Amino acid sequence: MKKLPSRLLTGSAVAAAALLLGACSRTEAPADPVRAVKVVTVGASSLQAVHEFSGEVKPRVESRIGFRVAGKVLRRQAEVGQRVQAGQLLAQLDPQDYRLAADAARAQVAAATTNRDLAAADYKRYVKLKEENFIAGAEVERRETALKAAQAQLEQAQAQLASQGNQARYTDLLADAAGVVTAVEAEPGQVVAAGTPIVRIAQDGLRDVVFSVPEDKVGAVQTGGPVTVKSWSTGATLPGRIREVAASADPVTRTYPVKVSLDSPTPPPLGATVSVMPQALSHVGAQVIKLPTSALRQEGQGTAVWVLERKTMTVRSQPVTVATADGNDAVIASGLTPGMLVVSAGVHVLSPGQKVTIWQDKTAAAPALASQPQPVSVPAGMAQSATSR
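The name an unreviewed UniProt entry gives the protein chain is Efflux RND transporter periplasmic adaptor subunit, with Ramlibacter agri as the organism. What the UniProt record of the protein chain gives under Sequence similarities (unreviewed entry) is the line "Belongs to the membrane fusion protein (MFP) (TC 8.A.1) family." The Subcellular location (unreviewed entry) comment attached to the protein chain in UniProt states, word for word, "Cell envelope".

Visitor: Got a minute to help me understand the overall build of the protein chain in this structure?
Guide: Secondary structure assignment for the protein chain yields three helices and 24 strands. A total of 389 residues make up the protein chain; the buried ones form 33% of that total. Sequence-distant contacts in the protein chain: of pairs separated by 6 or more residues, those separated by 24 or more amount to 74%. Surface exposure of the protein chain reaches about 23300 Å², of which carbon and sulfur atoms provide 54%.

Visitor: Could you clarify how one ought to interpret the sheet that holds strand β4 (residues 53-59) in this entry?
Guide: Strand pairing in a sheet relies on backbone hydrogen bonds. The paired strands run either parallel or antiparallel. Pairing is antiparallel around the closed barrel formed by six strands, whose spatial order is β4-β13-β16-β15-β14-β17. Strand-to-strand, the axes of this sheet are offset by a mean angle of 45°, without reference to chain direction. Two elements, β4 and strand β13 (residues 207-213), share four bridges in a ladder whose sense is antiparallel. Paired with Pro 59 across the two strands is Arg 207, which belongs to β13.

Visitor: Please explain the environment of Val 343 as it appears in this structure.
Guide: Along the chain, the position of Val 343 falls in strand β23 (residues 341-343). Residue classification places Val 343 among the buried positions, given a relative accessible area of 0%. Sequence separation between Val 343 and Val 37 is 306 residues, and the spatial gap between their C-alpha atoms is 6.5 Å.

Visitor: Hey, could you run me through the sheet that holds strand β8 (residues 89-93) in this one?
Guide: If you walk across this open sheet you meet the four strands as β9-β8-β6-β11, and the pairing is antiparallel. On the outer flanks of this sheet lie β9 (172-174) and β11 (191-192), each paired with one strand and no other. Sheet topology note: the β8/β9 ladder contains three bridges and is antiparallel. Across the sheet, the residue bridging to Leu 89 is Leu 174, located in β9.

Calculation rules
Residues numbered from 1 in each chain as written. Predicted model: local features only at pLDDT ≥ 70, side-chain atom pairs only at ≥ 80, totals over all residues. Heavy atoms only, no water. UniProt positions renumbered as here; feature names shortened; annotations may be inferred. Helix = DSSP H or I, 4+ residues; strand = E, 2+ residues; numbered from the N terminus. Buried < 20%, exposed > 50% of the residue type's maximum accessible area, 1.4 Å probe, protein only. Contact = heavy atoms within 4.5 Å. Areas by Shrake-Rupley, 256 points an atom, 1.4 Å probe, with all protein chains shown as cover. Pairing = 2+ DSSP bridges. Axes fitted to C-alpha atoms, helices over the stretch in contact; angles between N-to-C directions.

As structure tokens, then:
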């Protein structure tokens, strides 16, 4: 076996030693990069958003008109959207049965009239006989009683005829007030019971705007409170006042219907969509702390922001409570004070204690602290706060 040259052995030993020394040395972790961040200075600003609800224009009075008798619908003259006047014919039932009943009642009146006339003639004859002393007084009293009974039967038959006549006239459904037909709930050929709604009429006159408010806002909506109504189609605004607040929530939506009376001689058309802005829920101009939504991040079960420490140029996590939204900004209820510097962009790549620098473009100067911070607070009744932790 040949021996390796000493030069090769020496080179192999040097390489092995270098590998052993490299394996034993520790590699230092790279330092966290110093990131440039955008910041905003916490300060008071005015609220701009308002509570706006979608509403619908409805009539103050809407009647569901039905026949006062049962029967088969023969004709229906009313159509949806048709304007009708008081007394106008809307629908008809088959009147044949009621006419026959009226004829029978008329015949009973004729028979009762004949009986009454016979009893009256008989009574008159017996009165003359009594005057001539041909009969006793008891016979006259008996004939007088028979006459009274015949008269009562005649009056009963006449009342029955009047009732049957009314039943026959009730087969014509007439509008009880001027208005607009908003719904038709029966068709010709349908057999309906007495009182079944056939036509729905929105009566002419005052108009209401109906909208719904959630449970946490209904307490601030009081009867008589002013509101502003804005037409969706034209953009015109009208003043109004809250006329009625429902005492119980809608079983489906769990919201409370509210009715607003419009103080205008020319209200929007029926069924129009409008926006309703109750002044009791308006906080426009109130001084609050607002942050862009890009500054917020989730931390555990709550919301937090990064606050820049000016002395050390590091960031720390600060839990906050969000009250509501104002456009694209979040209204902060607690956790911040005016003068703080809050990171507004890139919040998801930072870690506690990380060194940062303030990013500036070529034309913008570094943000300065507020000279005289003013205390701010969220208006009562506005907050829908989410617990920060």
